[in-house]
Amino acid sequence: VFTGAVVLGGLADKVGRKKIFCISAVAQLILGVVVAFIPEFWSFLVVRFAYGIFGSAGSYITGFVLTMEIVGASKRTACGVAFQAAFAVGIMLVAGWGALIKDRMWLQVIYGLHALILIPHIWVMDESPRWLWSQGRTKEAATIVQKALKMNNKGSIETSQFLSRSK
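Rules and cut-offs
Residues numbered from 1 in each chain as written. Predicted model: local features only at pLDDT ≥ 70, side-chain atom pairs only at ≥ 80, totals over all residues. Heavy atoms only, no water. Helix = DSSP H or I, 4+ residues; strand = E, 2+ residues; numbered from the N terminus. Buried < 20%, exposed > 50% of the residue type's maximum accessible area, 1.4 Å probe, protein only. Contact = heavy atoms within 4.5 Å. Areas by Shrake-Rupley, 256 points an atom, 1.4 Å probe, with all protein chains shown as cover. Lys, Arg positive; Asp, Glu negative; His and termini not counted. Charge placed at Lys NZ, Arg CZ, Asp CG, Glu CD. Axes fitted to C-alpha atoms, helices over the stretch in contact; angles between N-to-C directions. Left-handed = near helix turned anticlockwise from the far one by under 90°. Nonpolar A, V, L, I, M, F, W, Y, C, P; charged D, E, K, R; others polar.

(A) Broad picture of the overall build of the protein. Helix and strand counts for the protein come out as nine helices and zero strands. Mapped from its N terminus to its C terminus, the protein presents α and β elements in the order α-α-α-α-α-α-α-α-α. By its C-alpha atoms, the protein is 60 × 30 × 25 Å across when sized along the principal axes. With 167 residues in all, the protein has 33% of them scored as buried. Contacts spanning at least 24 positions in sequence make up 64% of the contacts within the protein whose residues lie at least 6 apart. Accessible surface for the protein amounts to roughly 10,300 Å². Of this, 70% is attributable to carbon and sulfur atoms. Charge-centre separation for the protein: the mean point of 17 positive side chains lies 6 Å from the mean point of 8 negative side chains.

Structural data, given as structure tokens:
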């Protein structure tokens, strides 16, 4: 997790939160299932290490940062709590599966397949407007903010005026 936080956190600052989140989601899905079929100890450790990098740091930490950057200040506490609550429910689900499934291989396959819930984010999630703004991609940031305002029935912003302030 530490290695992933350092490496993928830096990459998320350079190439974008969404890109790192989506790459990590796919890697987490693949590695989470593949690790179930590795019979050799050292290979198992290497794949589990990579799984920790992409699962905990790439998907979880980057997902949390993206969530906090995409919601307004008034909603950050509620979204942060909901994000952490989903994590806690996931831990309980892991314990539940562990009580029901005794075969290690199939248990790991089930654990790995939980990453399927992350895959739709590739198409439905937007990049962080804050990150886009920091990269000078203000038009894209404004488009995402405009979309969010429309979705939340909060009116709209005058995009040209919004962009002229950034210059």
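(B) A look at the packing of helix α2 (residues 17-34) against helix α3 (residues 41-70). For the pair α2 and α3, the least separation of the axes is 8 Å and the interaxial angle reads 145°. Like other packed secondary-structure pairs, α2 and α3 cross with a definite hand, here left-handed. Residues R17, K18, I20, F21, S24, A25, A27, Q28, L31 and G32 of α2 lie in contact with α3, whose contacting residues are V47, A50, Y51, F54, G55, G58, S59, T62, G63, V65, L66 and E69. Counted by class, the contact of α2 with α3 contains 11 nonpolar, eight polar and three charged residues.

These figures come from the coordinates and say nothing about function on their own.
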